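Examination of the molecular architecture
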Amino acid sequence: MPTRFQEIWDRDELTPDPGLTAWVVNPGQRFVVDDGVLALYPALRVLVTPSTGRNHVDARACASRGLSLLSLLDDRGGLEEIAASAEFTFLLLLNTLRRLDVATREVSDRRWRHREDLLRGHELSGKLVGLVGLGRIGRRLARYCAAFGARVVYHDPYVTEAALAARPLEVLFEECDAVCVCCALTAESERMITESLLARLKPGACLINTARGEVVDEKALVAVLAARPDLRVGLDVLGGEVTDSHLASPLLALHDAGRIVITPHIAGATVESQTRAARIALGLLRRHEARCRS
């Protein structure tokens with residue numbers, strides 16, 4: 001089975017291939033695999049994305065062509081071994097509390113505790129952390145926070161976890177010192193974090209999003225941040241990444257001004273996680289091929 005492994009970032013890089021039957025899709029690409037793209041590969045039978053998110057692939061277009069669309073979610077056991085996104089979410093949380101990015105920038109500007117008011121952060125210990133989503137990433141994050149002495153609550157209508165307290169989303173935003181968004185992007189969760197919710201954040205609260213930019217109403221976030229200089233935000237994702245429109249986000253201006261921290265969707269970008277994801281993707285292809293032969 002010929003399989004495409006080269007990295008494809010832009011739609012303009014695609015060339016027709018009438019013999020391609022399987023495609024490992026780059027989850028970091030800047031276009032959606034839609035019907036127009038699929039038309040370039042008439043022999044295609046299966047797509048695999050080595051990621052949990054699938055918003056860079058048009059599932060309906062795949063289904064209409066009879067294509068199998070597989071992701072890391074199709075190997076839950078292997079997926080549980082990948083820790084990178086949870087670790088990075090925790091890193092963003094700690095950075096937002098302790099202002100590591102501000103401290104390194106101060107040193108670059110040849111200042112050494114000259115402006116300690118800027119550098120004085122907060123401890124995670126004793127804080128209440130709210131998790132929006134208690135899947136693989138949320139469960140790991142709960143353990144990390146507990147190890148640092150933080151209390152954890154969660155909101156997830158599809159999960160019951162006896163060891164943690166569940167909260168309605170509105171209550172979670174009102175009560176928590178930090179809110180970490182780590183849920184999947186679905187039709188239900190798209191723009192789930194509204195202006196009303198953001199306005200409920202308690203004074204000095206942190207908001208971390210490593211899920212997908214589309215889970216948060218970004219225009220509302222800009223508006224709330226304009227009115228609330230006390231809030232601290234760490235983002236690894238922006239809306240519109242798959243169409244390359246995210247670089248026009250007004251949130252980037254707030255990052256440039258030092259108001260918030262934005263990283264370029266690198267939560268899963270470790271050697272270990274990408275190696276494991278590639279192995280899972282190949283395993284999914286092998287199993288698909290075996291099923292087709294049987």
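The structure we're discussing is the one just above.
The following paragraphs examine the structure supplied in this document.

Thresholds applied
- Counting from 1, residues in each chain are numbered in the order their sequence is written.
- Per-residue local features are limited, in this predicted model, to residues with pLDDT of at least 70; the limit for side-chain atom pairs, both in listing and counting, is 80 or more; totals at the level of whole chains, interfaces and linings are taken over all residues.
- Water and hydrogen atoms play no part in the side-chain values, which are based on all heavy atoms of the structure.
- Salt bridge criterion: a side-chain nitrogen from Lys or Arg within 4 Å of a carboxyl oxygen from Asp or Glu.
- Each helix corresponds to a stretch of at least 4 residues labelled H or I by DSSP, and each strand to a stretch of at least 2 residues labelled E; elements are numbered beginning at the N terminus.
- The cut-offs for exposure are 20% and 50% of the maximum accessible area for each residue type, with area from a 1.4 Å probe on protein chains only; residues under the lower value are buried, those over the upper are exposed, and the others partly exposed.
- The contact criterion used throughout is that any non-hydrogen atoms of two residues lie within 4.5 Å.
- A pair of aromatic rings is counted whenever rings of Phe, Tyr or Trp (Trp by its six-membered ring) have centres within 6.5 Å, and the orientation is called stacked for planes under 30 degrees apart, edge-to-face for over 60 and tilted otherwise.
- Pairs of cysteine sulfur atoms within 2.5 Å are identified as disulfides in what follows.
- In this scheme, a helix's expected span is set at 1.5 Å multiplied by one less than its residue total.
- Here, any two strands with at least 2 DSSP bridges between them count as paired.
- Whether a crossover is right-handed depends on one test, that the path from the first strand over the helix to the second runs clockwise when the strands point away from the viewer.

**Digging into the pattern of salt bridges**
Scanning the model with the defined rule gives 18 salt bridges in all. As a salt-bridge pair, Asp101 and Arg105 come within 4.0 Å of each other at their nearest N and O atoms. Placement of both Asp101 and Arg105 in helix α5 (residues 100-108) is noted, with a separation of four residues, approximately one turn of the helix. The residue Arg111 makes a salt bridge to Glu106 at a minimum N-O spacing of 2.9 Å. Ionic contacts of the salt-bridge type, sharing partners, join the residues Glu106, Asp109, Arg111 and Arg115 into one network.

**Things to note about the side chain of Ser71**
Its place among the elements puts Ser71 in strand β4 (residues 68-71). Given the relative accessible area of 1%, Ser71 is considered buried. With residues up to four places along the chain from it excluded, the contact list for Ser71 reads Thr49, Ser51, Thr52, Arg54 and Leu284.

**Here's the deal with the packing of aromatic side chains**
Counted according to the given criterion, the structure contains three aromatic pairs. Look at Trp23 and Tyr41: their rings are 5.2 Å apart centre to centre, the planes differ by 70°, and that puts the pair in the edge-to-face class. With Trp23 in strand β2 (residues 22-24) and Tyr41 in the loop between α1 (35-38) and β3 (46-49), the pair connects residues that are 18 residues apart, well separated along the chain. Of the two residues, Trp23 and Tyr41, both sit in the buried class. Ring plane angle 80° and centroid distance 5.0 Å describe the contact between Phe90 and Phe148, whose orientation is recorded as edge-to-face. Taken together, the residues Phe90 in helix α4 (residues 84-98) and Phe148 in the loop between α7 (136-147) and β6 (151-155) connect sequence positions 58 residues apart.

**Notes on the state of the cysteines**
A complete count under the given rule lists zero disulfides for this structure. No disulfide involves Cys206; its sulfur sits 8.4 Å from the nearest other cysteine sulfur, which is in Cys180. Of the cysteine sulfurs around Cys292, a residue in no disulfide, the closest is that of Cys62, at 15 Å. You can call Cys292 exposed: its relative accessible area is 54%.

**Structural notes on α7**
For α7, with 12 residues, the first-to-last C-alpha span of 17 Å sits near the 16 Å given by 1.5 Å per residue. Every buried residue belonging to α7 is among Arg136, Ile137, Gly138, Arg140, Leu141, Ala142 and Cys145, and all of these are buried.

**Some remarks on the pairing of strand β9 (residues 206-209)**
Judged by which residues are buried, β9 turns out to be covered on both faces: Cys206 and Ile208 on one side and Leu207 and Asn209 on the other are all buried. Looking at chain direction, strand β8 (residues 178-181) and β9 are connected through four bridges and run parallel. Bridged to Cys180 within β9 is Ile208. For the segment spanning β9, helix α10 (residues 218-227) and strand β10 (residues 232-235), crossover handedness is right-handed.

Honestly, that's just the spatial picture; any functional story needs more than this.
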